[in-house]
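# Commentary on secondary and tertiary structure
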Amino acid sequence: MSKEKEVDVCIIGSGAGGAVVAYALGRAGFSVAVLEAGPRFDPIRYHMNKKEWEKNPYPFGGPPEEKAKNLYTYGIPEKLNPSYEYLRSKSKIRGFYNNTDRRKPPSIQRVKGVGGTTLHYQGEAHRFSAYGFKPKSLYGVAEDWPLGYEDLEPYYEEVETFLGVSGTNQNPFKPPRGPFPHPPHELSCASKRVKVGFDKLGLHLLPNSLNILSRPYDGRPACNYCNGCYYGCMMRAKGSMDVTFLPKAEAMGNVEIKPNSVVREITVNKHGRVNGVIYFDSKKVEKRQKAKMVVLSAGALESPRLLLNSRSSLFPDGLANTSGMVGKFFMETIVYAVTVLFSEQIHSYKGLQIDSRAWDYNEPRKENSFFGGVVFGVSALDLLGPLRYAKSLAPGWGSEHKDFMRKYFGHAINIFAIGEQLPQENNTISIDPEVKDYYGIPVAKVTTKLSKNDLEMLSFMSKKCKGIAEAAGAEEIVREFSSYDLSMISHMGGTCRMGINPNKSVVNSYCQSHDIKNLFIIDSSCFVTQGGGDSPSLTIHAIALRASDYIVSEVKKGNI
Amino acid sequence: MKVNSPKQFTRRKFIGTITLSSFLSLLIPTAYFFSLRNTKKKKISLTSRNLISGKFEFFTPYQATVIDEALSLIIPTDEDPGAKEAGVVFKLDGIVASSDKLKELYTKGIEWLDYMAERVFERESFLDLNHNEKVKILKIANSSGLSYIYKVFLFLRYRGTRTARGFFKTLKQQTIEVFYTSEMGWKVVGYDGPPQWSGNPDYNECSL
């Protein structure tokens with residue numbers, strides 16, 4: 001096995017957490033190696049300018065030989081609770097998406113590539129509300145984070161400024177704050193149309209806070225509203241990590257990014273400190289990267305997988321796991337969406353993926369039959385061109401099909417809600433020893449079930465989304481998607497939760513392992529809760545900056 | 001506002017289906033065996049036909065004409081152009097030529113259309129049928145939305161309905177893909193073309 005020069009810090013993963021740490025520690029003078037499992041993508045080669053872009057818009061699928069092998073397995077899908085049958089996902093032209101009596105396992109969209117999942121995300125840049133960090137103290141449920149909004153506020157501000165986030169501070173449902181670096185994007189015609197329904201129900205559909213430039217900044221142009229955010233931003237207006245933190249980090253000279261490097265194991269010395277990693281390069285050759293410190297930023301599914309696969313005589317249950325909490329409290333995404341048709345042309349394929357949100361239910365309310373926060377939004381999602389309309393919405397063939405296409409292309413929009421799933425110990429990421437990936441590494445096994453609280457939340461989302469559609473004057477609901485029978489996991493969290501008590505958590509508030517002082521886990525796996533339905537990336541950035549400050553300080557003091 | 005509510009697959013339906021399937025699983029192979037008699041590939045007379053002209057990689061002019069007719073039923077011509085005017089058949093030819101699996105599927109599919117023209121309407125070729133007759137054949141091939149019993153009936157009565165189903169599904173999907181990624185298809189629905197590089201600076205310009 002070939003060895004490489006020892007670095008101060010080896011970071012595993014170049015997404016929302018790893019990229020920020022690479023930048024912050026590089027700036028502080030550390031030598032840094034970032035091992036990224038996927039390749040580099042060149043935004044100019046994405047597909048949105050190609051004539052046949054709709055046939056294959058998604059560029060992040062990974063090489064076929066890897067895709068052909070297992071990526072993860074899923075526990076026995078749970079039986080559906082018949083009391084909530086009305087929540088089944090369905091389409092006017094396809095019928096039910098799941099005709100069985102069990103929940104359909106998720107197709108988790110993990111993006112391997114320099115920039116991680118930010119390559120694919122829709123650019124939402126949300127600060128969690130103060131409630132999001134203290135649900136137990138404020139409402140007596142779930143668990144508090146070992147830090148509060150006030151601890152993260154300066155880091156939120158720093159990262160928003162760095163990225164050039166756009167938004168409005170006229171949001172009564174969020175803590176008071178100063179102006180955003182850039183003004184909000186104006187709502188699209190489709191969102192303005194749906195806003196009529198929000199208004200009638202007394203809900204506040206506000207411009208979303210987005211890591212998408214509303215005016216040129218830092219050498220990147222403003223958005224031109226192609227709506228293709230999750231197929232990769234060709235303009236570089238979306239501040240994914242590959243066009244923001246990472247190029248600046250690499251330009252420092254002491255930060256090296258190694259694409260196509262799949263880490264198999266984090267290694268430890270006889271004193272129980274991590275001393276590097278073993279990884280496969282693009283030719284599947286095993287290599288070793290020595291490091292004085294390891295930062296694990298592979299996400300809520302891959303981070304616990306790597307820790308649990310890194311067993312040794314010193315750590316027989318996996319690294320950082322003397323508490324037995326690695327992989328526990330996995331939190332998926334509770335989602336409900338309706339696709340509606342309007343009789344008038346709203347050009348719903350133009351604009352931004354999620355230009356607006358309603359935070360009215362971001363904090364729990366006494367009158368709700370469930371606990372937790374829910375955020376509503378408007379999005380074209382997949383309905384970005386005629387081919388998608390033809391395949392997903394248009395009925396049959398012949399005149400019926402053609403008439404529908406002429407009448408409704410540009411008239412369909414999704415009204416959706418995302419809610420937080422309360423942490424449950426039995427929802428887990430574990431290792432499936434029987435199943436291995438392309439590199440021969442045992443894969444993660446996802447076990448997740450909905451609680452009664454989740455189902456009540458979905459029920460609320462369904463009623464509200466349909467109510468908004470009706471109040472907006474939508475002609476017809478043609479699709480419904482629900483976490484009830486389709487497990488749709490986009491915002492994952494938990495699995496290496498932070499906490500004060502080393503017996504009940506994996507890392508401290510600075511993402512430092514309780515067990516191993518020179519091991520940090522900096523991604524959404526350290527989340528204790530999901531912040532009332534807000535998107536996680538900005539909070540990952542903020543905790544990464546905060547952890548980086550701590551690392552610099554502790555190294556200076558000689559504590560690490 | 002209309003709310004879409006598909007019918008559900010109940011336990012009673014499930015048990016009924018299982019019982020029927022058990023019975024048919026014995027009957028179908030026998031019937032199918034007998035139905036395979038008289039399936040000799042017939043020879044179509046080409047001399048009097050007005051065949052599509054052009055350079056094809058895989059299709060013969062006759063096959064191309066049959067496909068052109070079939071796909072013009074999927075996206076028909078009316079006051080706006082359809083799949084025929086968009087030249088979908090030429091693009092399809094290239095797609096089919098690149099895959100042995102597709103070559104076999106399309107060859108069998110075209111043979112099935114001619115077989116059905118003879119079996120149902122006693123004509124030599126699919127091209128000899130009028131509009132409604134062609135639609136009827138494609139509806140049999142499509143079979144979506146038909147009852148289970150009627151599907152079984154079709155399966156027993158006509159040979160190759162399973163292949164036909166796969167053929168129609170592929171033909172429909174590929175016709176749609178080619179048409180709606182063509183400039184003519186975009187014009188029909190009022191789409192300006194790929195989102196980049198021009199973007200949609202007018203995204204917020206509306207009367208609302």
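Parameters and conventions
- Residues numbered from 1 in each chain as written.
- Chains lettered and ligands numbered in written order.
- Predicted model: local features only at pLDDT ≥ 70, side-chain atom pairs only at ≥ 80, totals over all residues.
- Helix = DSSP H or I, 4+ residues; strand = E, 2+ residues; numbered from the N terminus.
- Buried ≥ 20, exposed ≤ 12 C-beta atoms within 10 Å, placed from the backbone.
- Rg over C-alpha atoms; globule rule 2.2 N^0.38 Å.
- Contact = placed C-beta atoms within 7 Å.
- Nonpolar A, V, L, I, M, F, W, Y, C, P; charged D, E, K, R; others polar.
- Pairing = 2+ DSSP bridges.
- Axes fitted to C-alpha atoms, helices over the stretch in contact; angles between N-to-C directions.
- Left-handed = near helix turned anticlockwise from the far one by under 90°.
- pLDDT = per-residue confidence, 0-100.
- Expected span 1.5 Å × (residues − 1).
- Arc of directions from axis to C-beta.
- Parallel < 35°, antiparallel > 145°, perpendicular 65-115°, else oblique.

## Describing the overall build of chain B
Within chain B, the regular secondary structure consists of eight helices and one strand. Walking chain B from its N terminus toward its C terminus, one meets helices and strands in the order β-α-α-α-α-α-α-α-α. Within chain B, buried positions represent 30% of all 208 residues.

## Brief notes about the overall build of chain A
Helix and strand content of chain A: eleven helices and 18 strands. On C-alpha atoms alone, chain A measures out to a radius of gyration of 23 Å, which is about the 24 Å that the 2.2 N^0.38 rule sets for 560 residues. Projected onto its principal axes, the C-alpha positions of chain A cover 70 × 50 × 45 Å. Residues counted as buried form 57% of the 560 residues belonging to chain A.

## So, unusual backbone geometry
Of note, the bond from Q196 of chain B into W197 of chain B is cis; its omega dihedral lies within 30 degrees of zero at 10°. Note on placement: W197 of chain B falls in the segment after α8 (183–189). The backbone of A142 of chain A sits at a positive phi, close to 55°, despite the residue not being glycine. As for its placement among the helices and strands, A142 of chain A is situated in the loop between α3 (135–139) and α4 (149–163). Residue class for A142 of chain A comes out partly exposed when judged on the 19 C-beta atoms lying within 10 Å of it. Of note in this structure, L381 of chain A is not a glycine but carries a positive phi near 45°. Following the sequence through the fold, L381 of chain A ends up in the loop between β13 (374–379) and α8 (386–392). In this structure L381 of chain A comes out as buried when scored by C-beta crowding, with 20 C-beta atoms within 10 Å.

## Concerning the interface of chain A and chain B
Interfaces are frequently sized by the accessible area removed from exposure as the parts join. Each partner contributes to the interface: chain A provides 47 residues, whereas chain B provides 33 residues. Looking at the side of chain A that touches chain B, the elements that each hand over two or more residues are β5 (95–96), α5 (189–200), α8, α9 (399–408), α10 (452–472) and β17 (476–482) of chain A. Classifying every residue of the side of chain A that touches chain B by side-chain character gives 18 nonpolar, twelve polar and 17 charged.

## Focus on the sheet that holds strand β16 (residues 442–447) of chain A
One key point about sheets: their strands pair by backbone hydrogen bonds, in either a parallel or an antiparallel sense. All names here are of chain A. A sheet is described by the order of its strands in space; here three strands give the open sequence β3-β16-β15, paired in mixed fashion. What marks the edges here is a single partner per strand, and that holds for β3 (72–74) and β15 (428–436). The sheet shows a mean angle of 35° between the axes of neighbouring strands, direction not considered. Bridge analysis of β3 against β16 gives three bridges, and the strand direction is parallel. Considered in β16, the bridge of Y72 is made with A444. Contacts between helix α7 (residues 299–309) and the sheet are confined to β3, β15 and β16, with β15 contributing the most and set at about 65° to the helix.

## Digging into the packing of helix α3 (residues 88–97) of chain B against helix α7 (residues 161–179) of chain B
All names here are of chain B. Where α3 meets α7, the closest approach of the two axes is 10 Å, and the angle between their N-to-C directions is 115°. Judged by the twist between their axes, the crossing of α3 over α7 is right-handed. Contacts between α3 and α7 involve V88, K91, L92 and I95 on the former and, on the latter, Q174, T175, V178 and F179. Split into classes, the residues belonging to the contact of α3 with α7 amount to five nonpolar, two polar and one charged.

## A word on the pairing of strand β8 (residues 262–268) of chain A
All names here are of chain A. Bridge count between β8 and strand β9 (residues 274–280): six bridges; the pairing is antiparallel. The residue of β9 that forms the bridge with V268 is V274. Counting the residues between successive antiparallel strands, the hairpin from β8 to β9 contains five residues, one of them, G272, with a positive phi of roughly 80°.

## Some words on the confidence of the model for chain B
Confidence in the prediction for chain B averages 84 pLDDT; 77% of positions are at 70 or higher. Taken together, the stretch residues 29–40 of chain B has pLDDT below 50 and engages in four contacts with residues farther than four places along the chain or on a different chain.

## A closer look at helix α4 (residues 100–121) of chain B
Residues and elements named next belong to chain B. Taking 1.5 Å as the rise per residue, α4 with 22 residues should run 32 Å; its terminal C-alpha atoms sit 31 Å apart, in good agreement. Taken as a whole, α4 has its buried residues at Y106, G109, I110, E111, W112, L113, D114, Y115, M116 and A117. Of the surrounding secondary structure, the elements contacted by the buried residues of α4 are α2 (61–74), α3, α5 (131–142) and α7. Two residues or fewer past α4, E122 is found with a positive phi of approximately 55°.

## Let's talk about α3 of chain B
All names here are of chain B. Burial in α3 covers these residues: V88, V89, L92, D93 and V96. Viewed along the axis of α3, the buried residues span an arc of 140°, placing them on a single side of the element. Against α2, α4 and α7 lie the buried residues of α3.

## Details of the environment of E158 of chain A
Turning to its location among the elements, E158 of chain A is positioned in helix α4. Taking the C-alpha atoms as reference, E158 of chain A lies 8.2 Å from A542 of chain A; in sequence the two are 384 residues apart.

## What to know about the environment of Q122 of chain A
All names here are of chain A. Mapping Q122 onto the fold places it in the loop between β5 and α3. Through-space distance from the C-alpha of Q122 to that of I212 is 8.9 Å; in sequence the pair is 90 residues apart. If sequence neighbours within four positions are ignored, Q122 has contacts with C229, Y230, Q353 and I354.

## Let's talk about the pairing of β17 of chain A
Residue and element names in this part refer to chain A. A large share of β17 lies buried, amounting to six of its seven residues. As paired elements, strand β4 (residues 90–91) and β17 share two bridges and run antiparallel to each other. Directly across from S91, in β17, lies its bridge partner R479. Pairing analysis gives six bridges linking strand β11 (residues 334–341) to β17, with the strands arranged antiparallel. Across the sheet, L341 pairs through a bridge with E476, a residue of β17.

## Considering the packing of α4 of chain B against α5 of chain B
Residue and element names in this part refer to chain B. Viewed as axis vectors pointing N to C, α4 and α5 meet at an angle of 115°, and their least axial separation amounts to 10 Å. Compared by their axis directions, α4 and α5 come out roughly perpendicular. By crossing handedness, the relation of α4 to α5 is classed as right-handed. Of α5, the residues touching α4 (which contributes L113, M116, A117, V120 and F121) are E133, I137 and I140. Its residues assigned to classes, the contact of α4 with α5 comprises seven nonpolar, no polar and one charged.

## Comments concerning the environment of W112 of chain B
Note on placement: W112 of chain B falls in helix α4. Those residues in contact with W112 of chain B that lie beyond four places of it in its chain are G160, T163, A164 and F167 of chain B.

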